[in-house]
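Per-entry structural report
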Amino acid sequence: MSRSTGQERPGRIGLGRFLRESGALRADWAGTFEAVDRAWFLPSLMWPFDMEAKTSVAVDRSRDPVAWYGYADSNVPITTQWDDGAHTAAGPGRVPTSSASMPSVVFRMLGDLAVEDGHRVLDIGTGPGINAAYLAHRLGEGRVVTVEVDARVADAARKALPAVGLRPEVITGDGFGGHAAGAPYDRVVATAGVRTFPYAWVEQTRPGGVIVAPWGTRFGNLDAVARLVVAGDGGSASGTFTRPVEFMKLRAQRLSWAGHTAYVPAEGTAGAGVRRSVSETTEAEFLTGTWDAAGFALGLVVPDCLRVVAEARDGMRPVWLYGLSDRSWAVAVFRDGSPTDVHQYGGRDLWTEVETAHTWWKGRGGPGFERFGLTVSAGGQDVWLDEPGNVIRRVG
């Protein structure tokens, strides 16, 4: 390597200790963590997510190198681009569009990948190049192909990687289609969330190969890591989810919807045609935490529905539901110690659908992520509970 690995930095030493003690960094990846410093790939101006403030903050290495390296050596996600590069101001932009993921998430997913010497890997979503760097260090030259949709981001990684002696092949293109020219691969890993699992990834992976990717539904931004094994005939891939994560979505699959005002008229819940009811479901039952499996399960069962949880105010918290196949909407207003007021409009009773799905989830013991699975074939993707024959819903 042509740069210092920063092993003398106390923050990086502490990060390595945390990753090992938490189980995120397995023994077979420890040498790669020590040899490859993610600070090599981070821009001078970056926007780490401050866990205490719950927001992204701007940090410039030229002005505050202590803070910059402090964040580089922390287990936090770091935004490296906003608004597809249109944002050039010092402060955070509107939508993060490229990033360096949390090191704990990165190394857990690399552990899921179970690479072996001699494997060839397709890496979807190059970003700054950190994931590709880890893979290239572990597997060697000519073993890693990484695909990045944004030409400027790809160019930056294409320059940064060989500068530290690492030479994965960097392709500028849409990762949704994989990279057929380099197929077949032993492993495919994606660091961008998907909503429809690209069948091209299955086609480009050898039988018995492994695909690791964040997958979820339109119900919310939450993903779960799917670890799929390609069948012996190469026609499908199947496996369970390992843990919850939250990634930027593949650009080809970003959510595009009309927004609240396209659904709810100015008169709001007092408008004509709004159906009113009361529910005994409480906020504590329904909103069980960002990383809980309940919301993930609801998205699996209820198709074409987006949930937006509003901030609590004056003892009330509205939860909005929007139909993505029509203009149906619903809002449940949770109040401390009171029945939940529900308003629904349109061709679907969205709250009724979601509440029924919640009852279904509780009735099966409140299954966690690891009990759900996904099978991807040319005909679509089947989501299942406990075993592939117990299909919950076919998507796509």
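Data block above holds the structure.
Residues numbered from 1 in each chain as written. Predicted model: local features only at pLDDT ≥ 70, side-chain atom pairs only at ≥ 80, totals over all residues. Heavy atoms only, no water.

We now examine the environment of proline 244. With respect to the secondary-structure elements, proline 244 resides in strand β12 (residues 236–245). Put simply, proline 244 and leucine 139 are 105 residues apart on the chain and 27 Å apart in space, counted from C-alpha to C-alpha. Ignoring any residue separated from it by four or fewer positions in sequence, one finds proline 244 in contact with Leu222, Asp223, Ala224, Trp291 and Phe369. (Helix = DSSP H or I, 4+ residues; strand = E, 2+ residues; numbered from the N terminus. Contact = heavy atoms within 4.5 Å.)

Turning next to the sheet that holds strand β9 (residues 185–190). In spatial order, the strands read β8-β7-β6-β9-β10-β11-β12-β18-β19-β20; together these 10 strands make up an open sheet with mixed pairing. Two strands close off the open sheet at either side, each with one partner strand: β8 (169–172) and β20 (391–395). This sheet shows a mean twist of 20 degrees between the axes of neighbouring strands, independent of strand direction. Pairing of strand β7 (residues 144–148) with β8 involves four bridges; the strand directions are parallel. Each residue of the ladder has a partner; that of valine 145, found in β8, is glutamate 169. Against the sheet, helix α4 (residues 103–113) contacts β6 (121–124), β9, β10 (205–215), β11 (223–230) and β12, and its axis sits at roughly 160 degrees relative to β10. Across the sheet, helix α10 (residues 293–301) is in contact with β10, β11, β12, β18 (372–377), β19 (380–385) and β20; its angle to β20 comes to roughly 65 degrees. (Pairing = 2+ DSSP bridges. Axes fitted to C-alpha atoms, helices over the stretch in contact; angles between N-to-C directions.)

Moving on, we come to the environment of glycine 177. In this structure, glycine 177 sits in the loop between β8 and β9. The spacing of glycine 177 and glutamate 21 is 156 residues in sequence and 37 Å in space, taken between C-alpha atoms. Residues in contact with glycine 177, not counting those within four places in the same chain, are Ala200 and Gln204.

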